[in-house]
Amino acid sequence: MSNDTRYEVVVVGAGPGGIAAACCAAESGKSVAVIDENAVAGGQFWRGGLSQYGTRQASQWLKRSQAVSIDWLENARVVALRSPDTLAVCRTDSEDVRTVRFGRLILATGARELFLPFPGWTIPGVTGVGALQALTKSGLDIHGKRVVIAGSGPLLPVVALNLKQYGADVLLVAEQAPEDRVGRFAASVGEQYSTDTWVERVSSNGDGELAVDIRQSGDSIRVQCELLACAYGLVPNSELASLIGCRVRPDATIEVDAQQSTSSAGVYAVGEVTGVGGANAAIMEGQVAGYAASGNTEALEPVLAQRDRVREITERTYAAYALREEIFRLAEDDTIICRCEDVALGSLLSFAAGRTAKLQTRCGMGPCQGRICGPITTRLFGWSSGSVRLPGSPVSLGQLAALGDR
Amino acid sequence: MGNDDLSVTINGTGFAVSPTTSVAAAIQNAGITQFRRSVSGSSRGPLCGMGACFECRVMIDGLAHRRSCLTLCRDGMEILTDVE
Amino acid sequence: MSDTRAHIVILGAGIVGSACADVFVSDGLRVTLIDRSFPGSGATAEGMGHIVAMDGSPEELALSSYSRELWHSLSGSLSSSCEYRRFGTIWIAANDRHMSAVAAKHRVYDAIGIESHILDPAQLYRQEPNLRPGLAGGLLVPDDVVVYPPAVARELVDRAVARGAAAIFGVDVVRVDGPTVYLADRQEITGDVIINALGIGAPRISPHVPVRPRRGHLVITERVPAFVHHQLVELGYLDSAHGTSPVSVAFNVQPRATGQLLIGSSREFDVENSTVDWEILSRMVRLAVDYLPNARSLDAIRAWTGFRPASADGLPYIGPDPYNENVWLATGHEGLGITTALGTAHLLLDQLRGRSTAIPAEPYWPARILEESRGER
Ligand SMILES: Cc1cc2nc3c(=O)[nH]c(=O)nc-3n(C[C@H](O)[C@H](O)[C@H](O)COP(=O)(O)OP(=O)(O)OC[C@H]3O[C@@H](n4cnc5c(N)ncnc54)[C@H](O)[C@@H]3O)c2cc1C
Ligand SMILES: Cc1cc2nc3c(=O)[nH]c(=O)nc-3n(C[C@H](O)[C@H](O)[C@H](O)COP(=O)(O)OP(=O)(O)OC[C@H]3O[C@@H](n4cnc5c(N)ncnc54)[C@H](O)[C@@H]3O)c2cc1C
Ligand code: FES
């Protein structure tokens, strides 16, 4: 197996949080590597690379990251700890594996979207909200496509505007939260933005048309479209943290202290994975962790207060999107909950605990290992999330075998 | 968008794509919505767009179960949808 | 047991306790089944579910082949969630030395009427084209089976309960005194006979019973239907199954009804920790891809560990506890408990009823070990 290079600071995840952390650590004189499973650094917010974005924020971080020496390990997925100070890393575009040793570790593994089941949500053409944006950024041609965006959160209007720029015909942006809470977001999208509105079911009339049944201020309406993007906020990617042994809360966020330090010595966590929403907060947390992990107390002091301010603002914003009860009652007995194994709601109702249900119905046993259905069963039934086992994400047997060679 | 300077085949048909195109986007652009069939046979396509859900799995260059949303197109790539 | 309505209290609803409950209730006994968790949640949820005629010793072969027949007859009443498949086993010979072991194994099976066929290399590759070239041959045992054990345990319990068994789940058994079982929630249950089927938890209730956890690692892959067609086991397995080295690893790959591959297996004593060990995991996986080179590109989706309840001499303890006249033991089944659970249940029933047993019961009596250790005190 190849090189077991050691870096003083290793960052997992090259989103805004990870990039900020890496820059601050490198500027503090540390040797730094950033590992990300995507081909290009940027994470969800700067998907496709910082250089693609004209914003001041993006150019600032692009410049900072270019001014220092950082090793960017791309197409590389961290699957586990190989030993207490060594990561097991698999290439995503080849069968190569390597290990990377660290002095300090910063987890900036971000979040995925929260999906909640409704009849028809498994039909092709129904995606997440950020998902449709990501697919578009990776080349999906949505010019002239009729799109309905639904679910909840500040991502909805952002993605709506973005997809319009790509030429999509956005018919409706359905936000489940009430208008008095989120009203001010409406202005940016225009008349298509509708609060107190949610998708109840979708069906397919073949040839790529979706019929979406929508509840809007007490009425039911039907909208025909080609693409439905629906998600209810984010779920932290804390699987790697669990494998490493960091304390993770029942809502899957990683516990951190004021310096972004987790319960595992020398391991920090920043960004969406700590439960704090938004790229701005991720950037602030990243800076705190980057300086803290480098022992750069001088630079650390001022960013602590800035981070707290940003956190406060984002927490207030996100509180407006609390989910209404009806959203959790949309699934019917034959609605699929576990998409990997096709386990429907009805077959889960008799179980008291997630582990029994998993063993008896295969719910959560598929390749996604409960990443999609786990957050659903937690919210629908109150089941605790299942144990995370090695490998943190599927890897080939060849890679598993090679990782043991040393 | 960049030049369409790569060629890939999807279910045997050739398509020109740009190098920043993911396999998932290329498949959808080809008008295909069903990427795979679920364990009980229903049609599925991408859900999460970021490697978490495994719904976008297809066969790429003879390897089954590749997540197409995480894979960029490469010249000469052979992509098959709806295979076990 | 002449009293046809005698009350049997079964501790532990693993595959062993569940099978006992089903068989006892069918014969008209009153049964109460107790588990701290839910049926099939212990070792029964962690293992491979290979129903195999195993010839480590004549006693092991007698119990496992008897049990295998019982599985064959049970199969008709199992639902599809039990994933019962008569895949058969191929014991793989890597070299000529192994081929002579194949011949010997064939004779052993033949002698007790178990069908098996010696495969030359051409026949081996016709059965399993994904095996690496250069192997010497193998032994095909067509009537070995693969099941999904936790679903079987649940179904056996559901059946027993439907016929009147009482079930108490989610409560710890704290101790047994004479005929009385004390539970953590202060319930006391008295039975005519108490069956200790607590797996690795058995010594907590019967402290004199030597059962040690023997850890094993497993890995499951994505679905790759028809990649292998039989449970494939290397012939070195027997050495490693009963050897004394602290860690042993053998090639053991099982096709699941789902089309997944379940890859085993390792054996270690004296580790309590359930964390997956990289060294062992990768040794195991390396062996698997060494035998099945095309498996290199298959994705592993989960690895885990499990604990086999190992007895002192490799045979289970089935029979009266010499230390407590109210207790009978049904534990120590180690790596063969899914297979031998059915034989265990029937041996116990026939002895409780004072009937003759289908195979001699004495070899499994706990007294063989316990009388000895009693003498040593
Ligand atoms: C699909 C999606 C779209 C979004 N779009 C927007 C938007 O338009 N605007 C906005 O303000 N917010 C958006 N968000 C919210 C956004 O995620 C955060 O605000 C911000 O990106 C958080 O940054 P981060 O550094 O915490 O994580 P992320 O940006 O999510 O970056 C985490 C990175 O870590 C990588 N990673 C995770 N695990 C591993 C591993 N084991 N090995 C290697 N790499 C790993 C991931 O692939 C990812 O690249 C979106 C979120 C999602 C899920
Ligand atoms: C990796 C591995 C691979 C295996 N492969 C195979 C195979 O291919 N074929 C085969 O035949 N066998 C196999 N086995 C062995 C088989 O799984 C075990 O022998 C069998 O499951 C033992 O069943 P049991 O009922 O004795 O124990 P368990 O299933 O552990 O049941 C004991 C029950 O008792 C309960 N319990 C324990 N203590 C208490 C208490 N104090 N109060 C209340 N309840 C309690 C537990 O909750 C549990 O449900 C394998 C085992 C492992 C670990
Ligand atoms: S779309 Fe979810 S993994 Fe690709």
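Note that the structure is predicted; figures quoted are calculated from it, not measured.

## Examining the side chain of D55(C)
- Secondary-structure assignment places D55(C) in the loop between β3 (50-51) and α2 (58-74).
- Side chain to side chain, D55(C) and K105(C) meet in a polar contact 2.7 Å long.

## Comments concerning the domain arrangement of chain C
Residue and element names in this part refer to chain C.
- What the domain assignment lists for chain C is domain 1 (7-49 + 149-210 + 313-376) and domain 2 (89-142 + 212-310).
- On the side of domain 2, 20 residues touch domain 1, which itself brings 13 residues to the contact.
- In this assembly, domain 1 packs against domain 2 so that about 1,200 Å² is buried in total across both faces, 60% of it on carbon and sulfur atoms.
- When the area that domain 1 buries against domain 2 is broken down by residue, the three leading residues are E46, M48 and E334, summing to 58%.

## Topic: the pairing of strand β1 (residues 6-12) of chain A
Residues and elements named next belong to chain A.
- In terms of burial, β1 is a largely internal element, five of the seven residues being buried.
- Pairing geometry for β1 and strand β6 (residues 97-107), over six bridges, is parallel. When the bridges of β6 are listed, V12 appears paired with L107.
- In this sheet, strand β2 (residues 32-35) lies alongside β1 in parallel orientation, the contact comprising four bridges. Across the sheet, the residue bridging to V11 is V34, located in β2.
- For the crossover from β1 across helix α1 (residues 16-27) to β2, the handedness is right-handed.

## Examining the site of ligand 1
- Around ligand 1 there are 34 residues in total, and G17(A), D36(A), Q44(A), V78(A) and E272(A) lie nearest to it.
- Neighbouring residues of ligand 1 are not confined to a single chain but are spread across chains A and B.
- Measuring from an oxygen atom of ligand 1, one finds a side-chain N or O atom of D36(A) at 2.6 Å.
- The contact in question runs from a nitrogen atom of ligand 1 to an N or O atom on the backbone of V78(A), over 2.9 Å.
- Contact with the protein chains removes 92% of the 970 Å² of surface that ligand 1 exposes when unbound.
- Elements with a minimum of two residues in the shell around ligand 1: α1, β4 (76-83), α3 (129-137), α4 (155-165) and α7 (279-294) of chain A.
- Both domains that furnish three or more residues to the shell around ligand 1 are identified here as domain 1 (5-113 + 235-318) and domain 2 (126-231) of chain A.

The rules we used
- Residues numbered from 1 in each chain as written.
- Chains lettered and ligands numbered in written order.
- Predicted model: local features only at pLDDT ≥ 70, side-chain atom pairs only at ≥ 80, totals over all residues.
- Heavy atoms only, no water.
- Helix = DSSP H or I, 4+ residues; strand = E, 2+ residues; numbered from the N terminus.
- Polar contact = N/O pair within 3.5 Å; in protein donor to acceptor, adjacent residues only side chain to side chain.
- Domains from an automatic or database assignment.
- Contact = heavy atoms within 4.5 Å.
- Buried area = accessible area lost by both parts, 1.4 Å probe.
- Buried < 20%, exposed > 50% of the residue type's maximum accessible area, 1.4 Å probe, protein only.
- Pairing = 2+ DSSP bridges.
- Right-handed = clockwise from strand over helix to strand, strands pointing away.
- Near = heavy atom within 4 Å.
- Areas by Shrake-Rupley, 256 points an atom, 1.4 Å probe, with all protein chains shown as cover.

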